[in-house]
Amino acid sequence: MSCASGWSNRCVVGQGGSLKPALLLDRDGVINEEVEYLHDPKNLVMLPGVGQTIAAMNRLGVPVVVVTNQAGIGRGMYDVDAYRRVCEAIATVLSPDQARIDGWYFCPHRPDEGCDCRKPRPGMLLSAARDLALDLNASVLVGDKASDLEAAREVGCRTVLVHTGHGREEAQRLIAQGRADLADHVAASLGAALPWLQDVLMPAARRQGFAP
Ligand SMILES: [Mg+2]
Ligand SMILES: [Zn+2]
């Protein structure tokens, strides 16, 4: 299995050589409710406000990219096709909101495999940046775990910790460890993070000439 396999929508190539700010999203616990080893679309429950936030980024011309650890594949609990069916179900649920995900990246490896793509390592973010011509220093990653935010920090992305999924416990843990500053912003959900995301990403998108 290869690392950081992207699939579909590999279409955003840099315009005039300029790099785009992006919104990078963890999947489970950020887009959809955390279900352990989610691999059946019938167990997919979307979190509130996700469609509106993604659609707002689409309108700004900010690519929206999913970066998700899927060790259940490496553990033999489900296969890549099952993973993709869940992603397709997410895309289908988003479409009535005019919301579109521009790139999907997943790590299929178990932690003991020592790959470069499993967060907190930044391999998926680097692959997305290369494939989609992203400016990681102008980008934001939203996650529900410290490992999401650590991967982002590794490559200079700003970070949002949401309280959905594992986020509430992770926030408490980071505070107890004196590491609350790993999150640049904390929000109840991806939907609730929209105003902050717009404040950060709109000027960056405008500077690059992408935002309306
Ligand atoms: Mg998660
Ligand atoms: Zn991996």
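Residues numbered from 1 in each chain as written. Chains lettered and ligands numbered in written order. Predicted model: local features only at pLDDT ≥ 70, side-chain atom pairs only at ≥ 80, totals over all residues.

(A) Quick peek at the nonpolar core. In terms of nonpolar packing, the biggest core is built from 59 residues, with L23, L24, L125, A128, V140 and L201 touching the most fellow members. Excluding anything up to four places from it in sequence, V140 contacts L23, L24, C157, R158, V160, L197, V200 and L201. (Core = buried A, V, L, I, M, F, W, Y, C linked by C-beta atoms within 7 Å. Buried ≥ 20, exposed ≤ 12 C-beta atoms within 10 Å, placed from the backbone. Contact = placed C-beta atoms within 7 Å.)

(B) The arrangement of the environment of L132 in detail. Tracing the sequence through the fold places L132 in helix 4 (residues 123-132). Since 22 C-beta atoms lie within 10 Å of it, L132 is described here as buried. Separated by 69 residues in sequence, L132 and P63 have C-alpha atoms that sit 8.2 Å apart. (Helix = DSSP H or I, 4+ residues; strand = E, 2+ residues; numbered from the N terminus.)

(C) Molecular detail of the pairing of strand 4 (residues 103-107). The element strand 4 is largely enclosed, with a buried count of 5 among its 5 residues. Neither face of strand 4 is left uncovered, since the one carrying G103, Y105 and C107 and the one carrying W104 and F106 both have all their residues buried. Summarising the sheet, strand 3 (residues 64-69) and strand 4 pair through 5 bridges and their orientation is parallel. Each residue of the ladder has a partner; that of V65, found in strand 4, is G103. (Pairing = 2+ DSSP bridges.)

(D) The arrangement of helix 3 (residues 80-94) in detail. Taking 1.5 Å per residue, 15 residues should reach 21 Å; helix 3 reaches 21 Å between its end C-alpha atoms and fits that length. The set of residues buried in helix 3 consists of Y83, V86, C87, I90 and L94. End-on, the buried residues of helix 3 take up no more than an arc of 95°, which puts them together on one face. The outward face of helix 3, more than 90 degrees from its buried face, is lined by the exposed residues D81 and T92. In this structure, the buried residues of helix 3 make contact with helix 1 (50-60), helix 2 (71-74) and strand 4. (Expected span 1.5 Å × (residues − 1). Arc of directions from axis to C-beta.)

Coordinates in, geometry out; function isn't part of it.
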